Amino acid sequence: MDELRLERRCQMVLSYSDWLWPALWMLPVDEAYGPWPLSGEIDIVESRGNGLKYTARGSNYVQGSLNWGPTTFLNGVLKSYSWWTERRQSFGSQFRTYALEWTDKWLRIYVDNRLHTLLDIKFNEPFFKRGEFPEVIFDGPNPVALQNPWINGTNATPFDQEFYLIMNVAVGGTNGWFPEAQGDKPWLDASPNAMRDFALAEAKWYSTWPTSVEDRALVVDYVKMWKHCDNN
């Protein structure tokens, strides 16, 4: 990242309905440090479309996070995520602004204004140290010393490269975003037939989806980006 400061703002209405997963996120243009999550991922906003009574943070919650780790199976996201909530309304009920401010010293994600900060990360220590990863991992049955893939980087590494923006709405998923046994979830992540089980349960969830495609879509008003100095 050669700029002193980057700011990106997106105004949008998040989609809402059971098991929808709207997200605004960023991935590296080049995987300079290796495959995910070695080269990082920035989640500006993620949400679950389920209603306010959903017990695993539904559509009245939004989350911001960073994904990063030294191997494909070690992810430090639990040390770099947070959320913002509205008590009585869904984030799918009106336009909101989701913003990312990103410098070589810190990264901030917020909703509408800085008082509603989802995530505020200072690049004040190397991410390998921040992760408190084990010294030894296993390659099959063999223990091997865990190597730091960012040893020649800075405290901002792997978030010191060019990233591109993704806007999408997913349905379901088997990576744990929708926890098991929450909200009458109609599939199990470990099931080889998870997609089929979800489809067969259409009678349970489809009635929560608005009849208007726009009402259940991710509706974007604008995406804006600035690059400027810290003092301007």
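Preceding block: the structure.
A quick note: this is a predicted structure, and the numbers were derived from the prediction, not measured.

Before going further, it helps to spend a moment on the sheet that holds strand 8 (residues 117–122). As a general point, the strands of a sheet are linked pairwise by backbone hydrogen bonds and lie either parallel or antiparallel. As summarised here, the arrangement of the five strands in space is 8-7-6-1-12, forming an open sheet in which the pairing is antiparallel. Edge positions in the sheet fall to strand 8 and strand 12 (219–227), since each of these pairs with one other strand and no more. The average undirected angle you get between the axes of adjacent strands in this sheet is 10°. Strand direction decides the pairing type here: strand 1 (residues 5–13) and strand 12, joined by eight bridges, are antiparallel. The partner of L6 across the bridge, within strand 12, is K227.

Turning our attention to the layout of surface pockets. Of the pockets and cavities examined, the largest pocket occupies roughly 600 Å³. In terms of lining residues, the largest pocket is bounded by 27 residues, among which W21, E46, N175, G176 and W177 are the most central. Looking at the lining of the largest pocket, the elements with two or more residues in it are strand 2 (20–28), strand 3 (41–46), strand 4 (61–67) and strand 11 (163–171). Along the lines of polarity and charge, the residues of the lining of the largest pocket split into eleven nonpolar, eleven polar and five charged.

One pass over the full model with this rule turns up one cavity of 30 Å³ or more. Considered as a void within the structure, the largest cavity measures approximately 40 Å³ in volume. What lines the largest cavity is E46, S47, R48, R57, Y61, V62, Q63, W83 and W177. With three residues, the top contributor of residues to the lining of the largest cavity is strand 4.

Looking now at the pattern of salt bridges. Scanning all chains against the criterion turns up twelve salt bridges. In this structure, the salt-bridge partner of R114 is E101, at a minimum N-O distance of 2.5 Å. Of the two residues, R114 sits in the loop between strand 7 (106–111) and strand 8 while E101 sits in strand 6 (residues 96–103), which places them 13 residues apart along the sequence. By relative accessible area, R114 is classed as partly exposed at 45%.

Reading the values: rules and limits
- Residues numbered from 1 in each chain as written.
- Predicted model: local features only at pLDDT ≥ 70, side-chain atom pairs only at ≥ 80, totals over all residues.
- Heavy atoms only, no water.
- Pairing = 2+ DSSP bridges.
- Helix = DSSP H or I, 4+ residues; strand = E, 2+ residues; numbered from the N terminus.
- Axes fitted to C-alpha atoms, helices over the stretch in contact; angles between N-to-C directions.
- 1 Å grid on protein atoms, 1.4 Å probe; cavity = no way out; pocket = protein on both sides within 12 Å on 5 of 7 lines; lining within 4 Å.
- Points joined across faces, edges and corners; volume = space filled by probe spheres on them.
- Nonpolar A, V, L, I, M, F, W, Y, C, P; charged D, E, K, R; others polar.
- Salt bridge = Lys/Arg side-chain N within 4 Å of Asp/Glu carboxyl O.
- Buried < 20%, exposed > 50% of the residue type's maximum accessible area, 1.4 Å probe, protein only.

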